[in-house]
4 protein chains.
Amino acid sequence: MSSNTFGKLLSVTTFGESHGPAIGCVIDGCPPGLALDAGEFRADLERRATGRSRHTSQRREADDIEILSGVYEGVTTGTPIALLIRNTDARSKDYGNILETFRPGHADYTYWQKYGVRDPRGGGRSSARETTMRVAAGVVAKKWLAERHGVTVQGHVSQIGEVVPRGFDASAIESSPFFWPDAGQVPELETYMDALRKSGDSVGARVTVIADNVPAGWGEPIYGKLDGELAAAMMSINAVKGVEIGDGFAAVAQRGSQHRDEMTADGFLSNHAGGILGGIASGQPVVVSVAFKPTSSILIPGRSVDRAGEATEVVTKGRHDPCVGIRAVPIVEAMLALVLMDQALRHRAQCGDVGAVPPRIPGTLQGASHD
Amino acid sequence: MSSNTFGKLLSVTTFGESHGPAIGCVIDGCPPGLALDAGEFRADLERRATGRSRHTSQRREADDIEILSGVYEGVTTGTPIALLIRNTDARSKDYGNILETFRPGHADYTYWQKYGVRDPRGGGRSSARETTMRVAAGVVAKKWLAERHGVTVQGHVSQIGEVVPRGFDASAIESSPFFWPDAGQVPELETYMDALRKSGDSVGARVTVIADNVPAGWGEPIYGKLDGELAAAMMSINAVKGVEIGDGFAAVAQRGSQHRDEMTADGFLSNHAGGILGGIASGQPVVVSVAFKPTSSILIPGRSVDRAGEATEVVTKGRHDPCVGIRAVPIVEAMLALVLMDQALRHRAQCGDVGAVPPRIPGTLQGASHD
Amino acid sequence: MSSNTFGKLLSVTTFGESHGPAIGCVIDGCPPGLALDAGEFRADLERRATGRSRHTSQRREADDIEILSGVYEGVTTGTPIALLIRNTDARSKDYGNILETFRPGHADYTYWQKYGVRDPRGGGRSSARETTMRVAAGVVAKKWLAERHGVTVQGHVSQIGEVVPRGFDASAIESSPFFWPDAGQVPELETYMDALRKSGDSVGARVTVIADNVPAGWGEPIYGKLDGELAAAMMSINAVKGVEIGDGFAAVAQRGSQHRDEMTADGFLSNHAGGILGGIASGQPVVVSVAFKPTSSILIPGRSVDRAGEATEVVTKGRHDPCVGIRAVPIVEAMLALVLMDQALRHRAQCGDVGAVPPRIPGTLQGASHD
Amino acid sequence: MSSNTFGKLLSVTTFGESHGPAIGCVIDGCPPGLALDAGEFRADLERRATGRSRHTSQRREADDIEILSGVYEGVTTGTPIALLIRNTDARSKDYGNILETFRPGHADYTYWQKYGVRDPRGGGRSSARETTMRVAAGVVAKKWLAERHGVTVQGHVSQIGEVVPRGFDASAIESSPFFWPDAGQVPELETYMDALRKSGDSVGARVTVIADNVPAGWGEPIYGKLDGELAAAMMSINAVKGVEIGDGFAAVAQRGSQHRDEMTADGFLSNHAGGILGGIASGQPVVVSVAFKPTSSILIPGRSVDRAGEATEVVTKGRHDPCVGIRAVPIVEAMLALVLMDQALRHRAQCGDVGAVPPRIPGTLQGASHD
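Residues numbered from 1 in each chain as written. Chains lettered and ligands numbered in written order. Predicted model: local features only at pLDDT ≥ 70, side-chain atom pairs only at ≥ 80, totals over all residues. Heavy atoms only, no water.

Looking at an unreviewed UniProt entry, chain A carries the name Chorismate synthase, with the source organism given as Luteibacter rhizovicinus DSM 16549. UniProt, in its Pathway (unreviewed entry) section for chain A, records the words "Metabolic intermediate biosynthesis; chorismate biosynthesis; chorismate from D-erythrose 4-phosphate and phosphoenolpyruvate: step 7/7." (UniProt positions renumbered as here; feature names shortened; annotations may be inferred.)

Here it is in structure tokens:
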């Protein structure tokens, strides 16, 4: 029930403020016997960390994870896995100017309205700093999904401002400073981002993530639908304003004869549905797209009010990240992995274990034994 | 947490198949003392019911609700409110042809993959028939929100296929066969829909719903965010493929200086955020848009497979609804109302009662007493 | 988590008041493929029903269950199973005298304090009538446990007032009007109960229920312990004031050398623990005992107050059940079965399927494969 | 849903093993504005800590709590409160002899059966070390209950082995090494415990805890009953085998005329019910008793098996606590306080705020406004 806990059977509880002593999470419900060590978190944490390139904010954090529980002799024991990261880069002085004011477009005002008290240092609990622990928990989910079911999860940036990829090359994504699937556009994007930074403004982004080898059958009607839980997971990420499954809003202008994915004995002929029908995985790739708004922390002054209700002007000093959507890619991947692993465990609970091989139409039509 | 239950403190559990004996729901957690009688459900059920006009499917249902519990002498008692509707219009013969085959774009295939058994009559549990009970539960939430907090919820169709409203007149919506906010376009839409029906095809739609007078402070970070739960609620509706809060995907191409809603002592200067910041209501109108795919139940034959894996062809006989998004308006309203009432109760639990008057910036900056 | 819903993965939501139109429940999370028909509920409902003998209250109910959903062609589909019973024996007139007063020892007063409104007819929601649906849901759990895991559940009355069984013969229980394990004592108990009825008073009872063949490993530390959830399940039954696992309160006066169950290669040497260690089943029989208070509905006048706070006197007219604990046996069995099935599904989710054969110490020491 | 999380609205998630790097908890849902600092935890942690007297085990821990989040400038902010304690007193060598064997009466065997892997150091997750964090969380609940509702919680030992208190003096409890309510019996108990320690054996205990000023109305029928959740809370404590509310099992031999608590305009005439009717607080003191088994960690050899299934003998070396029930008093208090605060928030959510003054019968019969 806790609003800081995510997931039903694989549940992740996060805690911590941006500039408090530490952030952390408790991962409960992980099956026993999964090999896990602290070093495995580094790669994804660095993918998320600011400072990946000159095109993102310059804050640098060690983000060394300490495993506090749930792992014995390098293997998960089935008890809660607690992860801890100490906050090393406080820099509270950068935020001194917003102690008494509400930054437009931020949660400053709403937290204050809800609780009547707030930790203003670096955005406190509402800072994207919290997403660090989502990425950490996602590492566990990604590993279990890959080992147990061969499921792979990869995200990329599918739009920055008005710019969309001209081509798609999955192998280009990881080497790109923008998680961009078309290496040829990187110089253009660098020019675009440099101009944006000079202007002191920011821009939105669209991130798309795809999960392959998801077995048909994962997902629970009616209110535990796979797409419904993906929508909640993605919308809970800071700065997200929209979520699409498969064709998403493009389906509004489509015809039924065009949208429906026809089937043959060899499989589906298209994937407009994004791998989900009736809230249950179809066995096709699960495709989710997310809209990130442009950050409101910009160098251009904005009108606001202070706690006394007096008009004031706010300018974000210190770090400036012109496109927060870029480094959100591992966060989106993590949320997809966490939802899939949770649904995998829930499916096993009710319907038994479907095994590691994702069903394909011909094979699955024999039907797996259920009980 | 049952996957057929929605909501944490105001929880709605629905049951029933499209052509089983009955459908129903259990509404738990409703405050005592709310006046309620069976007649109050009729209006919204008729708004949802097929047969509103010649532009939607011709199935007609009595949908008379029986209140089985939770109401004594016309007032809620705080115990579970059970609602029941008998299925009167079976028409199973219409569906005889799909007993052994999987309709492309439907949940037939995925239910069969998940459970190894399914009720094929009218789509069984995956039929939109289930949404009847969401609308019924939404009636209770709408009434409580209006009486207790002055919150109003109204939805409209904001796109059909390629057609978008030229103007916006809220008073035109209810009298429109399309829940359309521009009366002048109705003839054009009727022509559009007639052509579509003749073609035997279907089209998607976009529905937008707005809640006014939502008090600042409703919503729970981090995983119980108001927008996160709205996304889950909307994506759980049949045929939905996308959800947006405020500007949604349009924010991808916006600049931060353009998107952030500046504040003055008189209030916000814009509402790109759709009334939610950091997952918490800002006191502005809450704006949610939803993408409905074109129904896959069309008169145009589609390739599919049968349970033996053999190639076959599927044609939907019987009723044909060329744009299911139209009559989804009351469903979208209901889900918004249910999420808001649940969050209202959760806010009261942790932060105390904010009272019936929604805070405005000058007023609220005095800060309500919390405990 | 609705307070009228029980269980995490196998969740049962009950609704209805004693003299409202109907009572019912929604069973969600049941695995698909379980054969089920309405007739299977009759036996346990009759075991619970009043009127089993002259030694219990004379109210007679048809209690015919209608299956509203979740079963297709006699088999569960994995969707919610809704069960409905119409209330046929209202007799509201019997309760006319308590409309304005609070019966001592009943929930009349506390419901009124909590909600400010209550349905007084027959105790409304607080009536033992609600337990009918627990028994119905328990029938599903008992069947699945037996078919899938060979688990059997049987309860008996282990004390009535001061009377305890002299011997224990499991085969005597079902044929006894008192679910008593010593047939030789039945005449003595009949004399005891006749005297009690003449006196217009009531007496408490102790019920013990045993589950055999429970696989080692079911149960979840730390707050989802098998014994913790059994305690909640039993204490939620009307009139229950105490719960014991294994030796229970007798353990207070025991020595550690006496209580601990030693193990050999052939198995445990005793079962003081009642089959649960650290909240997890040990593979031994699970033993739970429950204390039922004497009903407060007696023919002897009692002092109370009315809603105006004026002193008054209350006498229960109409039906009189001198020992409610006797017919609670199937309710206690049902709650044990529901907890076990829920834990079985949860164990399968995290640790994989342990199979139908309950592990014995030698066998299990090889360890089942986990993932 | 997590089995390491306790509570619905005030939820406490604990983590950590006895000899891992640290133990901790995350308290979510606490109202904002509660003053809290790390020093406030010390008193109850010391009451629980071993080494209170020569009559309990000699392990001494600093148990200094670090507040990692949720508190800003000494006040709770409404975000999750994370508490951390580093394990300083590992002593793993004491446990070397049980790495391969299962201690009779411990969770060693069942954890291994469930997970196929376990952390054997000091009992790992199943160690009573986990209860340290329950006590810490209970400190927050006790403080909120006292400040907001004037509720006080106090526990005492009501039986050790065969010894029961001759008198009851609440003021004697805190100064007693046995939390015993009769100071005159302390010498007798010291002799009793010394003999027990010499024998190398252990004994059980009964702990009773009472909450005063609990407002009538707290508690939720049917499965969220106050007594049901108290039973789960208490049974989840290590070594607990039984739970009673009010008269508990004594009610089995009582008559209805004796058990029912009659009411007059001045209040109840007795409290056999232990302050709870129909699962809802009556406004009388809430009385809960708990049975603790004798610890199985004794110096007397016991028969057991090793992981290979071979017969072996187990002796507990190192620390030896002859009566674990004694220092469980603050744990029992903490669980009662956590259940009450959770129910207080849930009551406020559904029924509005009843205010800080617990209702008395005359006053409450006017009825508080509900909505």
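(A) Focus on the overall build of chain A. Counting its secondary structure elements, chain A contains nine helices and 17 strands. Split into buried and exposed, the 371 residues of chain A put 71% on the buried side. Excluding contacts between residues fewer than 6 apart, the proportion of contacts in chain A whose partners are at least 24 apart in sequence is 70%. Roughly 10500 Å² of accessible area belongs to chain A as shown, and the carbon and sulfur atoms make up 53% of that amount. (Helix = DSSP H or I, 4+ residues; strand = E, 2+ residues; numbered from the N terminus. Buried < 20%, exposed > 50% of the residue type's maximum accessible area, 1.4 Å probe, protein only. Contact = heavy atoms within 4.5 Å. Areas by Shrake-Rupley, 256 points an atom, 1.4 Å probe, with all protein chains shown as cover.)

(B) Spatial organisation of the UniProt feature "binding site: FMN" (unreviewed entry) in chain A. According to UniProt, the feature "binding site: FMN" (unreviewed entry) maps to Arg125(A), Ser126(A), Ser127(A), Asn238(A), Ala239(A), Gly278(A), Lys293(A), Pro294(A), Thr295(A), Ser296(A), Ser297(A) and Arg319(A) in the numbering used here. Structurally, the position occupied by Lys293(A) is in the loop between strand 15 (286–292) and strand 16 (302–305). For Lys293(A), a relative accessible area of 11% corresponds to the buried category. Not counting chain neighbours up to four residues away, the residues in contact with Lys293(A) comprise Gly105(A), Val203(A), Gly204(A), Ala239(A), Lys241(A), Val324(A), Ala251(B), His259(B) and Leu277(B). Reaching out from Lys293(A), the side chain makes a polar contact with the backbone oxygen of Gly105(A) at a distance of 3.1 Å. (Polar contact = N/O pair within 3.5 Å; in protein donor to acceptor, adjacent residues only side chain to side chain.)

(C) Spotlight on the environment of Val305(A). Residues and elements named next belong to chain A. As for its placement among the helices and strands, Val 305 is situated in strand 16. You can call Val 305 buried: its relative accessible area is 0%. Taking the C-alpha atoms as reference, Val 305 lies 42 Å from Ile 81; in sequence the two are 224 residues apart.

(D) Here's a closer look at the interface of chain A and chain B. With 115 residues of chain A at the interface, the matching set in chain B holds 117 residues. Contact between chain A and chain B buries roughly 9000 Å² in total, counting both sides, with carbon and sulfur atoms accounting for 61%. The tally of links from chain A across to chain B stands at four salt bridges. Arg303(B) is the salt-bridge partner of Glu262(A), the closest N and O atoms lying 3.0 Å from each other. (Buried area = accessible area lost by both parts, 1.4 Å probe. Salt bridge = Lys/Arg side-chain N within 4 Å of Asp/Glu carboxyl O.)

(E) Structural detail: the interface of chain A and chain D. Of the residues lining the interface, 41 residues belong to chain A; the matching set on chain D comes to 41 residues. A combined buried area of about 3100 Å² lies between chain A and chain D, and 63% of that area is made up of carbon and sulfur atoms. When the buried area of chain A at its contact with chain D is split by residue, Phe15(A), Leu68(A) and Tyr72(A) rank highest and sum to 19% of it. Summed over the shared surface of chain A and chain D, the result is two salt bridges. Between Glu66(A) and Arg86(D) there is a salt bridge, with its nearest N and O atoms 2.8 Å apart. Counting every contact that joins chain A to chain D gives 11 residue pairs in polar contact (both at pLDDT 80 or more).

(F) Summary view of the UniProt feature "binding site: NADP(+)" (unreviewed entry) in chain A. Residue and element names in this part refer to chain A. UniProt's feature table lists "binding site: NADP(+)" (unreviewed entry) at Arg 48 and Arg 54, given in the numbering used throughout. Take Arg 48: it is sitting in helix 1 (residues 42–48). Given the relative accessible area of 3%, Arg 48 is considered buried.

(G) Expanded view of the sheet that holds strand 4 (residues 66–67) of chain A. All names here are of chain A. Across the sheet, five strands lie side by side as 1-2-3-7-4; this open sheet has antiparallel pairing. Here the strands that pair on one side only, and so sit at the sheet edges, are strand 1 (5–6) and strand 4. By the bridge criterion, six bridges tie strand 3 (residues 22–28) to strand 7 (residues 81–86) in an arrangement that is antiparallel. Of the residues in strand 7, the one forming a bridge with Ile 23 is Ile 85. Set on the sheet, helix 3 (residues 131–149) makes contact with strand 2 (11–16), strand 3 and strand 7; between it and strand 3 the angle comes to about 35 degrees. (Pairing = 2+ DSSP bridges. Axes fitted to C-alpha atoms, helices over the stretch in contact; angles between N-to-C directions.)

(H) The arrangement of the pairing of strand 10 (residues 240–245) of chain C in detail. Burial analysis of strand 10 of chain C places six of its six residues in the buried class, which makes it a mostly covered element. Pairing between strand 10 of chain C and strand 15 (residues 286–292) of chain C: five bridges, direction antiparallel. Paired with Val240(C) across the strands is Phe292(C), a residue of strand 15 of chain C. Pairing between strand 10 of chain C and strand 10 (residues 240–245) of chain D: three bridges, direction antiparallel. Bridge pairing in strand 10 of chain D places Gly242(C) opposite Glu244(D).

(I) Structural context of the environment of Pro31(C). Residue and element names in this part refer to chain C. Looking at where Pro 31 falls in the secondary structure, it is placed in the loop between strand 3 (22–28) and helix 1 (42–48). Looking at Pro 31, the relative accessible area reads 0%, which means it is buried. Residues Pro 31 and Thr 77, 46 residues apart in the sequence, show an inter-C-alpha distance of 7.6 Å.

(J) Spatial organisation of the packing of helix 6 (residues 226–235) of chain A against helix 6 (residues 226–235) of chain B. Where helix 6 of chain A meets helix 6 of chain B, the closest approach of the two axes is 7 Å, and the angle between their N-to-C directions is 160 degrees. The angle between the axes of helix 6 of chain A and helix 6 of chain B places the two elements in the roughly antiparallel class. Helix 6 of chain B is crossed by helix 6 of chain A, and the crossing has right-handed handedness. Residues Asp227(A), Gly228(A), Ala231(A), Ala232(A) and Met235(A) of helix 6 of chain A form the contact with helix 6 of chain B, whose participating residues are Asp227(B), Gly228(B), Ala231(B), Ala232(B) and Met235(B). Among the residues making up the contact of helix 6 of chain A with helix 6 of chain B, the classes are represented as six nonpolar, two polar and two charged. (Parallel < 35°, antiparallel > 145°, perpendicular 65-115°, else oblique. Left-handed = near helix turned anticlockwise from the far one by under 90°. Nonpolar A, V, L, I, M, F, W, Y, C, P; charged D, E, K, R; others polar.)

(K) View of the pairing of strand 9 (residues 205–212) of chain B. Residue and element names in this part refer to chain B. Of all eight residues that make up strand 9, six are buried, and the element is covered over most of its length. Inspection of the sheet shows strand 8 (residues 152–160) paired to strand 9 by eight bridges, in the antiparallel sense. Following the sheet pairing, Val 153 is matched in strand 9 by Ala 211. Pairing of strand 9 with strand 15 (residues 286–292), which is carried by seven bridges, proceeds in the antiparallel orientation.

(L) Main features of the relation of the copies chain A and chain B. For the match of chain A to chain B, the screw axis carries a shift of 0.0 Å, the RMSD comes to 0.0 Å, and the turn is 180 degrees. Here the transformation between the copies is reduced to the relation of a two-fold axis. When the interface residues of chain A are mapped onto chain B, 100% of them again fall at the interface, so both copies present the same face. (Least-squares fit on C-alpha atoms with pLDDT ≥ 70 in both.)

(M) Structural context of the pattern of salt bridges. If you walk through the whole model with that rule in mind, you get 96 salt bridges over all chains. Across the salt bridge formed by Arg197(B) and Asp194(B), the nearest N and O atoms sit 3.3 Å from each other. Separated by three residues within a single helix, Arg197(B) and Asp194(B) lie in helix 5 (residues 186–199), roughly one turn from each other. Judged by relative accessible area, which is 24%, Arg197(B) ranks as partly exposed. The salt bridge partner of Glu130(C) is Arg134(C), with a shortest N-O separation of 2.8 Å. With respect to class, Glu130(C) is no different from Arg134(C); both count as buried. Counted as one network, the salt bridges with shared partners bring together Lys8(A), Glu220(A), Glu229(A), Asp342(A) and Arg346(A).

(N) Broad picture of the relation of the copies chain A and chain D. Between chain A and chain D, the superposition needs a rotation of 180 degrees and an axial shift of 0.0 Å, giving an RMSD of 0.0 Å. Taken as a fraction of all interface residues of chain A, those also at the interface in chain D reach 100%, which identifies the copy contact as same-surface.

(O) Layout of the packing of helix 8 (residues 329–351) of chain A against helix 8 (residues 329–351) of chain C. Across the interface, helix 8 of chain A lies against helix 8 of chain C with an axial gap of 8 Å and an inter-helix angle of 135 degrees. Relative to helix 8 of chain C, helix 8 of chain A is oriented oblique. With respect to the hand of their crossing, helix 8 of chain A and helix 8 of chain C are arranged in right-handed fashion. From helix 8 of chain A, Leu345(A), Arg348(A), Ala349(A), Gln350(A) and Cys351(A) reach across to helix 8 of chain C, where they touch Leu345(C), Arg348(C), Ala349(C), Gln350(C) and Cys351(C). Looking at the contact of helix 8 of chain A with helix 8 of chain C residue by residue, the class counts come to six nonpolar, two polar and two charged.

(P) Quick look at the sheet that holds strand 4 (residues 66–67) of chain B. Residue and element names in this part refer to chain B. Spatial strand order, 1-2-3-7-4: five strands in an open sheet with antiparallel pairing. Since the sheet does not close on itself, it has two edges, and those belong to strand 1 (5–6) and strand 4, each with one partner. Taken together, the two bridges between strand 1 and strand 2 (residues 11–16) define a ladder with antiparallel strand orientation. Of the residues in strand 2, the one forming a bridge with Phe 6 is Val 12.

(Q) Local environment of the packing of aromatic side chains. Applying the stated criterion to the full structure yields 22 aromatic pairs over all chains. Their ring planes at 80 degrees and their centres at 5.4 Å tell us that Phe102(B) and Tyr109(B) sit as a pair that is edge-to-face. Accessibility expressed as a relative area gives 0% for Phe102(B), which makes it buried. Classification of Tyr109(B) by relative accessible area gives buried; the value is 0%. Connected via pairs of aromatic rings, a cluster forms that spans Phe102(A), Tyr109(A), Trp112(A) and Phe268(B). Residue placement shows Lys114(A) over the ring face of Tyr115(A); its charged tip is 5.8 Å from the ring centre. (Phe/Tyr/Trp six-rings, centres within 6.5 Å; stacked < 30°, edge-to-face > 60°. Lys NZ or Arg CZ within 6 Å of the ring centre and 35° of its normal.)

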